[in-house]
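# An overview of the molecular structure
Take a look at the letters that make up each chain.
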Amino acid sequence: MVIEKRNWPNGFDAPFCLSFDDFSPLKVLNKDYGRYPYQGINEIQTKLLKETKVKITQFVIPKFNFWLPIKYIGNIVNYQTDYYAINHPRNQYWLSYIKELISSERVEIAWHGYEHFNRNIFRKKHIEFLSTDYNKTADLLGKAYRIFMESEIPIYGFRQPGWGYSADNNLFEVLRDIFKIEYIAASSLDGGLNSNNQQVSNYEVSAFNGIKNIPQNITIGENFLKLKPIIDHALQKQFIISLKGHYCNVNWVANSFTENNIKNMFEVIEYMSQLKVWYATFVEIVRYYDTISEVKTEEIIENGNKIIRYIFKHPCPGFTIRIRNNDNSYYEKIICDYFASNNWNDKINYEIVFQSAKSKEYLLCL
């Protein structure tokens, strides 16, 4: 008999997370980044939450600087008015909508730069942190952080606009040392941390500069038939399935909400509904990963029986083990299915003993 610790709660084979960049109270002409609750592209979000079981991690720009190429008129206007800052008085209705999404416990708001704008005339305008030093990065992120705090929006994770960051990694040092961010979502298969060479995993939580990174490995801009082998591989290995898009209807933005990309997205989600996946936000994934990484295992022999002890430092709802027999048949046991409370001190001493169906070995959990 072999006892396997499952990587994800409640016996799920893999987590499925859906994330979007650029969520903002912005609509200019026909360019919609989510300005009007329940209207425009927000109708897609409403449909996702109503008709599917997905959870969404929305990477929000706290003060979108939507620049226009003609003498940077947009840059000047927006810098003076802060019209697209999420805490601007004109955006109170939008902010209320955000808080309603958060209260549903199916949407996480994460951090996507400050203005999504690079003032260096020699840099691509949307790659905000490509040429900033430590002090400038800290200044920009400090302004962004204050907007979130004044808006009473909790944030746990960060994704850099345009995947860009300075070669000295000061962006991640600032996020780690000053803002104590819980995670970054800073990589794709060939972008961000993996743009020049692979620095982090494409499928697992991994550390970079002392911060945990959650990867993105599929996009809504790819055909489902192309994505299916990637998804199946992740399921087999208990890897993360991370689907990303851009929350706008602008055709020249990669993976945006075009008609075809929306179709791709719903095809992926329909396939997920047939599988044993855990719908999770990014912060839920990284917190469960942290918790299960701290679970200790001990093996002892007691009265001729092999005893396995699992010792938990923190509550671990849904913690699951798989008992595999010699003939490769198996069954699963959710050990911590009743640990919903954070009052761990009341529940530190517990014991479950059960016998394998095809063995005299017992499993003891403490």
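The structure under discussion appears in the preceding block.
This report concerns the structure included in the present document. (Residues numbered from 1 in each chain as written. Predicted model: local features only at pLDDT ≥ 70, side-chain atom pairs only at ≥ 80, totals over all residues. Heavy atoms only, no water.)

### Considerations on the packing of helix H4 (residues 134–150) against helix H5 (residues 170–177)
Relative orientation and spacing of two packed helices are given, respectively, by the angle between their axes and the distance between those axes. At their nearest, the axes of H4 and H5 sit 9 Å apart, and the two run at 50 degrees to each other. As summarised for this structure, H4 and H5 are arranged oblique, according to the angle between their axes. Crossing of H4 against H5: the hand is right-handed. Taken together, the residues of H5 that come into contact with H4 (itself represented by Tyr134, Thr137, Ala138 and Leu141) are Asn170, Leu171, Glu173, Val174, Leu175 and Asp177. The class makeup of the residues in the contact of H4 with H5 is six nonpolar, two polar and two charged. (Axes fitted to C-alpha atoms, helices over the stretch in contact; angles between N-to-C directions. Helix = DSSP H or I, 4+ residues; strand = E, 2+ residues; numbered from the N terminus. Parallel < 35°, antiparallel > 145°, perpendicular 65-115°, else oblique. Left-handed = near helix turned anticlockwise from the far one by under 90°. Contact = heavy atoms within 4.5 Å. Nonpolar A, V, L, I, M, F, W, Y, C, P; charged D, E, K, R; others polar.)

### Observations regarding the nonpolar core
Formed by 67 residues in total, the largest nonpolar core has its most connected members in Phe16, Trp111, Phe172 and Leu175. Residue contacts for phenylalanine 172: discarding those within four places in its chain leaves Gln160, Tyr165, Ile184, Ala186, Leu193, Phe208, Asn209 and Ile211. Ranked by size, the runner-up nonpolar core spans 27 residues in total, among them Ala110, Ile240, Ala280 and Val286. (Core = buried A, V, L, I, M, F, W, Y, C linked by side-chain atoms within 4.5 Å. Buried < 20%, exposed > 50% of the residue type's maximum accessible area, 1.4 Å probe, protein only.)

### Quick word on the pairing of strand E12 (residues 241–246)
Burial analysis of E12 places six of its six residues in the buried class, which makes it a mostly covered element. The alternating pattern of E12 places Ile241, Leu243 and Gly245 and Ser242, Lys244 and His246 on opposite faces, both of which are buried. Here strand E2 (residues 14–23) runs beside E12; their pairing, made up of six bridges, is parallel. Looking across to E12, one finds that phenylalanine 20 is bridged to glycine 245. Relative to E12, strand E11 (residues 218–219) is paired through two bridges, and the arrangement is parallel. Directly across from threonine 219, in E12, lies its bridge partner lysine 244. (Pairing = 2+ DSSP bridges.)

### Details of the sheet that holds strand E17 (residues 330–334)
Pairing is antiparallel across the open sheet formed by three strands, whose spatial order is E1-E16-E17. Two strands in the sheet have a free side with no partner beyond their single neighbour: strand E1 (2–5) and E17. The average undirected angle you get between the axes of adjacent strands in this sheet is 25 degrees. For strand E16 (residues 320–324) and E17, the ladder comprises five bridges, and the chain directions are antiparallel. Along E17, the bridge assignment pairs isoleucine 321 with lysine 333.

### Concerning the environment of phenylalanine 319
As for its position among the elements, phenylalanine 319 is in the loop between strand E15 (305–311) and E16. Placed 31 residues apart in sequence, phenylalanine 319 and tyrosine 288 show a C-alpha to C-alpha distance of 9.5 Å. In this structure, phenylalanine 319 is in contact with Lys5, Tyr288, Ile292, Val295, Tyr310, Phe312, Lys333, Ile334, Ile335 and Cys336, ignoring residues within four places of it in sequence.

### Quick notes on helix H7 (residues 259–272)
Here H7 contains 14 residues, and its C-alpha end-to-end distance of 20 Å stays within 8% of the 20 Å for a straight helix at 1.5 Å per residue. Along H7, the residues classified as buried are Asn261, Ile262, Asn264, Met265, Val268, Ile269, Tyr271 and Met272. Packing partners of the buried residues in H7 comprise E2, helix H1 (42–51), E11, helix H6 (224–237), E12 and strand E13 (277–279). (Expected span 1.5 Å × (residues − 1).)

### A closer look at H6
Between the first and last C-alpha of H6 there are 20 Å, a value that for 14 residues agrees with the 20 Å anticipated at 1.5 Å per step. Here the buried face of H6 lies against E2, E11, E12, H7 and E13. Positive phi shows up at glutamine 238, right after H6, with a value of about 60 degrees.

### Some thoughts on the pairing of strand E6 (residues 107–111)
Burial analysis of E6 places five of its five residues in the buried class, which makes it a mostly covered element. Because side chains alternate across E6, one face comprises the buried residues Val107, Ile109 and Trp111, and the other comprises Glu108 and Ala110, equally buried. Relative to E6, strand E5 (residues 56–60) runs parallel, the two sharing five bridges. Bridged to valine 60 within E6 is tryptophan 111.

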